[in-house]
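Below, each chain spelled out in residue letters.
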Amino acid sequence: MAPTPRPGGIADRARAQIETPYLDGLNPEQRRAVETLDGPVLVLAGAGTGKTRVLTTRIAHLVATGRARPHEILAVTFTNKAAREMKERIGALVGPAGEGMPWLGTFHAISTKILRRHAELVGLKSGFTILDTDDQIRLLKQVLQAADVDDKRWPARGLAHLIDSWKNRGLDPARVPAGEAGAFANGKGGALYAAYQARLKTLNATDFGDLLLECLRLFRDNPDVLAQYQDRFRYMLVDEYQDTNVVQYLWLRMLAQGRHNLCCVGDDDQSIYGWRGAEVDNILRFEHDFPGAAVVKLENNYRSTAHILGAASGLIAKNEDRLGKTLFTEGEAGEKPRVSGVWDSEEEARQVGEEIEQLHRGKHSLDQIAILVRASFQMREFEERFITLGLPYRVIGGPRFYERLEIRDALAYLRCVAQPDDDLAFERIVNTPKRGLGDSTVGILRAFGRDRGLPLIASAAMMVETDELKPKQRQTLRALMSDFARWRALVGTIPHSELAERILEESGYTDFWQKDRSAEAAGRLENLKELVRSMEEFPDLVSFLEHISLVMDTEGANTGERVSIMTLHGAKGLEFDTVFLPGWEEGLFPHQRSLDDNGKAGLEEERRLAYVGITRAKRRAFIYFATNRRIHGMWQTTIPSRFLDELPEDHVEVAENAREKRSGYGPSRFDTVGAFAGSSYATPGWQRAQRQGAGATSGVARLPGVIEGELIAKSTQQAHFTVGARVMHQKFGPGAVAAVDGNKLTVDFDRAGRKMVLESFIQAA
DNA sequence: ATCTTCTTCGTTTTT
DNA sequence: CGAAGAAGAT
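What you see is a predicted model, and the numbers here were worked out from it, not measured in a lab.

A.B. asks: Which residues make up the overall build of chain A, and what values go with them?
C.D. replies: Scanning chain A for helices and strands turns up 31 helices and 21 strands. Within chain A, the proportion of its 765 residues that are buried is 52%. Long-range contacts, defined as pairs at least 24 residues apart, comprise 74% of the intrachain contacts of chain A with a sequence gap of at least 6.

A.B. asks: Any chance you could break down the environment of L545 for me, citing the residues and the numbers?
C.D. replies: With respect to the element layout, L545 can be found in helix α26 (residues 541-550). A relative accessible area of 6% places L545 in the buried class. Taking the C-alpha atoms as reference points, L545 and L411, separated by 134 residues in sequence, lie 8.0 Å from one another.

A.B. asks: Break down the protein's contact with DNA strand B for me, citing the residues and quoting the values.
C.D. replies: If you check the shell around DNA strand B, you find 28 residues, and the closest are N80, S376, R400, S440 and T567. Each atom of DNA strand B within 4 Å of the protein was classed as base or backbone; sugar and phosphate made up 52%. T133 is positioned such that a nitrogen or oxygen atom in its side chain is 3.5 Å from a base oxygen of DNA strand B. Here a phosphate oxygen of DNA strand B and a side-chain polar atom of T567 are 2.7 Å apart. Secondary structure elements with two or more residues in the surface near DNA strand B: α20 (439-452) and α28 (592-615). Residues of the surface near DNA strand B, tallied by class, amount to five nonpolar, 16 polar and seven charged.

A.B. asks: Outline the protein's contact with DNA strand C, listing residues and values.
C.D. replies: Lining the immediate environment of DNA strand C, one finds K152, H632 and G633. The sugar-phosphate share of atoms of DNA strand C within 4 Å of the protein amounts to 42%.

A.B. asks: Describe the environment of M86, with residues and values.
C.D. replies: Positionally, M86 belongs in helix α4 (residues 80-94). Owing to a relative accessible area of 3%, M86 belongs among the buried residues under this scheme. Measuring from C-alpha to C-alpha, the distance between M86 and T56 comes to 6.6 Å, with 30 residues separating the pair along the chain. Apart from residues lying up to four places away in sequence, M86 is in contact with L55, T56, I59, T77, L104 and D239.

A.B. asks: Provide a residue-level description of the side chain of T432, including the pertinent values.
C.D. replies: Here T432 lies in the loop between α19 (423-429) and α20. In terms of polar contacts, T432 uses its side chain to reach the backbone carbonyl oxygen of R428, at 3.1 Å. Setting aside residues no more than four positions away along its own chain, T432 makes contact with D409, Y413 and Y509.

A.B. asks: Go over the pattern of salt bridges with me, naming the residues and quoting the values.
C.D. replies: Tallying each qualifying case throughout the model produces 54 salt bridges. One salt bridge in this structure joins D134 and R428, with 3.3 Å as the shortest N-O distance. Placement of D134 in helix α6 (residues 133-146) and of R428 in helix α19 is noted, with a sequence separation of 294 residues between them. By relative accessible area, which is 13% here, R428 ends up buried. Among the salt bridges present, the one from R259 reaches D231, with a minimum N-O distance of 3.0 Å. One end of the pair, R259, is in helix α12 (residues 246-259); the other, D231, is in helix α11 (residues 223-232), with 28 residues separating them in the sequence. What emerges from the salt-bridge pattern is a single network uniting K51, D239, E240, D243 and K572.

A.B. asks: Residue-level account of the nonpolar core, with values.
C.D. replies: Core analysis: the largest hydrophobic core is formed by 70 residues, its most contacted members being F219 and W251. Here this core takes eight residues from α12, the largest share from any one element. What W251 contacts, discounting residues up to four positions off in sequence, is L74, V76, F107, I110, S111, I114, L212, C215, L216 and F219.

A.B. asks: Describe a negative patch on the surface, naming the residues involved and giving the relevant values.
C.D. replies: Taken together, the side chains of E498, E501, E505, E536 and E537 make up a negatively charged region of the molecular surface. With a relative accessible area of 64%, E537 lands in the exposed category.

A.B. asks: Summarise the domain arrangement of chain A; cite the residues concerned and give the values.
C.D. replies: When cut into domains, chain A gives domain 1 (11-115 + 216-300), domain 2 (129-203), domain 3 (338-392 + 560-654), domain 4 (402-554) and domain 5 (725-764). For domain 1 versus domain 4, the separation of C-alpha centres amounts to 41 Å. Each partner contributes to the interface: domain 1 provides six residues, whereas domain 4 provides five residues. Buried area between domain 1 and domain 4, summed over both chains or domains, comes out near 350 Å², and the portion from carbon and sulfur atoms is 51%.

A.B. asks: So, unusual backbone geometry: which residues are in play, and what are the values?
C.D. replies: Keep in mind that most residues, glycine aside, have a negative phi and that most peptide bonds are trans. The amide bond that connects T432 to the next residue, P433, takes the cis arrangement and shows omega of -5°. Here P433 is to be found in the loop between α19 and α20. Following F589, the chain continues into P590 via a peptide bond in cis, with omega recorded as 5°. The topology assignment puts P590 in the loop between β13 (576-581) and α28. At H260, a position not held by glycine, the phi torsion is positive, near 65°.

A.B. asks: If you had to explain the packing of aromatic side chains to someone new, which residues and values would you point to?
C.D. replies: On inspection of all chains with the given rule, the structure shows 27 aromatic pairs. Ring centres of W103 and F233 lie 5.2 Å apart, and the angle between their planes is 75°; on these two criteria the pair is classed as edge-to-face. You can see W103 sitting in the loop between α4 and β3 (104-106) and its partner F233 sitting in the loop between α11 and β6 (235-238), a full 130 residues away along the chain. Accessibility expressed as a relative area gives 3% for W103, which makes it buried. Between F401 and Y402, the aromatic rings sit 5.2 Å apart at their centres with planes inclined by 80°, giving edge-to-face as the arrangement. Residues F401 and Y402 agree in their burial class; the two are buried. Site record: aromatic cluster; members linked through ring pairs are Y413, F426, F484, W487, Y509, F512 and W513. When the ring centre of W103 is taken as origin, the NZ or CZ atom of K113, which lies over that ring, is 4.6 Å away. Above the ring of Y273, the side-chain terminus of R276 is found at 3.7 Å from the ring centroid.

What counts, and where the lines are drawn
Residues numbered from 1 in each chain as written. Chains lettered and ligands numbered in written order. Predicted model: local features only at pLDDT ≥ 70, side-chain atom pairs only at ≥ 80, totals over all residues. Heavy atoms only, no water. Helix = DSSP H or I, 4+ residues; strand = E, 2+ residues; numbered from the N terminus. Buried < 20%, exposed > 50% of the residue type's maximum accessible area, 1.4 Å probe, protein only. Contact = heavy atoms within 4.5 Å. Near = heavy atom within 4 Å. Polar contact = N/O pair within 3.5 Å; in protein donor to acceptor, adjacent residues only side chain to side chain. Nonpolar A, V, L, I, M, F, W, Y, C, P; charged D, E, K, R; others polar. Salt bridge = Lys/Arg side-chain N within 4 Å of Asp/Glu carboxyl O. Core = buried A, V, L, I, M, F, W, Y, C linked by side-chain atoms within 4.5 Å. Patch = residues over 30% accessible without salt bridge, like charges linked within 9 Å, V, L, I, M, F, W, Y side chains within 5 Å. Areas by Shrake-Rupley, 256 points an atom, 1.4 Å probe, with all protein chains shown as cover. Lys, Arg positive; Asp, Glu negative; His and termini not counted. Charge placed at Lys NZ, Arg CZ, Asp CG, Glu CD. Domains from an automatic or database assignment. Buried area = accessible area lost by both parts, 1.4 Å probe. Phe/Tyr/Trp six-rings, centres within 6.5 Å; stacked < 30°, edge-to-face > 60°. Lys NZ or Arg CZ within 6 Å of the ring centre and 35° of its normal.

So, in structure tokens, the structure goes:
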């Protein structure tokens, strides 16, 4: 590494002039964001204005100009995905030199790294375990039981949320306001929090919230340690600053008090995680909190056409609490976002499906199409429709790999072997698969351990030598303990993935799923294999466990071109040529609960969500509202979302069928038959029967609950399956063919019952 | 200890 | 309407 040139010196500047090809192609504002290196900088980056490019280029610039070496730069993101992408892009920009960025990661990952080095200063041992939400709740249940709290009236989940919210605000048990602490379980809230923290310390464990909070405490109580990191991080960068919560803000501020070179990038208009503790205020107050801050606004949008941008900008302008940006594009006007009214969610799915098929026929890539919903229950209807149409899709944001039951069980086995005092892991698998060691046995074990201050596994090892347990249980437990001993002895002698395989085999866990005849069992076994495979990427068991405790995401190996279905929240940061935005109805979007719980702030966050949705589209946006929707199993007549009326008329096109529905009763352009609410004429069946015209189904009133759609695909293709054949379906699992009609099969699924499906979705089992 | 019926409660989600 | 969790039955 070359000697560091004096900042701003001639050599420095000359170098920047000559060796900065990466600056080419940046617009003046982006360039300013990249080149303003000294002191605090706030980059207000509107949607699609090249935010990530600025961040990565800035890092490249810091390194190329010799301002900092990669290990002297702290770069923080919220998700592992964002961290990974940034790493890749920096690598592409700087080459291998940029790969060694040890301090690029999520808040949690970086905090963990720091905490492990100084664990003893906050009452932990370096090898502490990180509990996930599931473990956290199980532990809280124990705490509630120990405190003799009725966990029906005061569920562990509620307490978990409460404690999380305190931790998000940087409050340890001593700092929680008395009023708030008292609100839970008749005044026991504070004591329960303290008891939970004490339990965590005994288990040598932290939850996710602790990673930040304990790190903050470490800095507060140990100025020398803090100084060391303030000194090390010459430059700090934060992505998605609008999503930071109070602890994260305090954490950043402490570190930034060293060199003051903090660069935060964010967009107040895209703050959609307030309900999770994010403080938009952090971004609104930046200039106040970091005096002398340079503020750079990125307003040149490179993503969307003018009409899409116009619609989104007009909508977000209705928010009062914002810094205010005016996005513009130099691109073409394009197509106006189209608003369509439909009768119900079924018609909505049908129309979206038709539109997609038409686009697809026009050579539009399915990968560039997304359906963005407000709530995940909306997804089902689209899935069903797409299965019927034979339209390939992928659902993004389903249950994550490491959250799956079988994976968590398998991991618990590994944890028991790697961390003998991991009580929660042990409790998870003592009786999985069922071996007759139920609640009462575990209760005895726990009492034994508590009396002697021992972890459960150690207690179990001792108890099998006594006669406190019934012979049968003692025998089973003894066998399990000798299994553990055997596996533990193997650590380090054979590859850890092989060890994992043996553990799963010898514990009977693999067998347990093999015997299971349910539809998911095969997939679960597949997942277990995938888990073992993924272990090979890590040098040893401990580093593997460390990785998965923080990185709970895996990109599913989804092959082929597919339409994406996801929530609006999940879509942040992504872009698609064409975006479908269904369900724009009062109550659903904006969501009633948001309004009820948070009033105006809630409404504004919902509006930002709408803004995020529209700005995902590069070229086309289709917005839908249904007049009737089934909520909690009951059909309800709905009113078009207020957001529809807030879209500037110049930038949207209202589809014919939507205009027809105009009643003239209300001020809305989109008022529909809402005036009929309560009348029996408003029932979907009656209306459907009355309705004529394009898209109408058979004309027979269909009762809600009948999910099979019309099988419109026709084929004279020879059937490949015969009645009675065992088959496999991507969604419904295994089943037997009951009838064949062209390419349409009626299948009795083992789990899902009788369904009519297209042959192309079926494989021989 | 485990299987079955009953009740409850329904945004958004990362680490 | 349906999933999930908890009390009740075997």
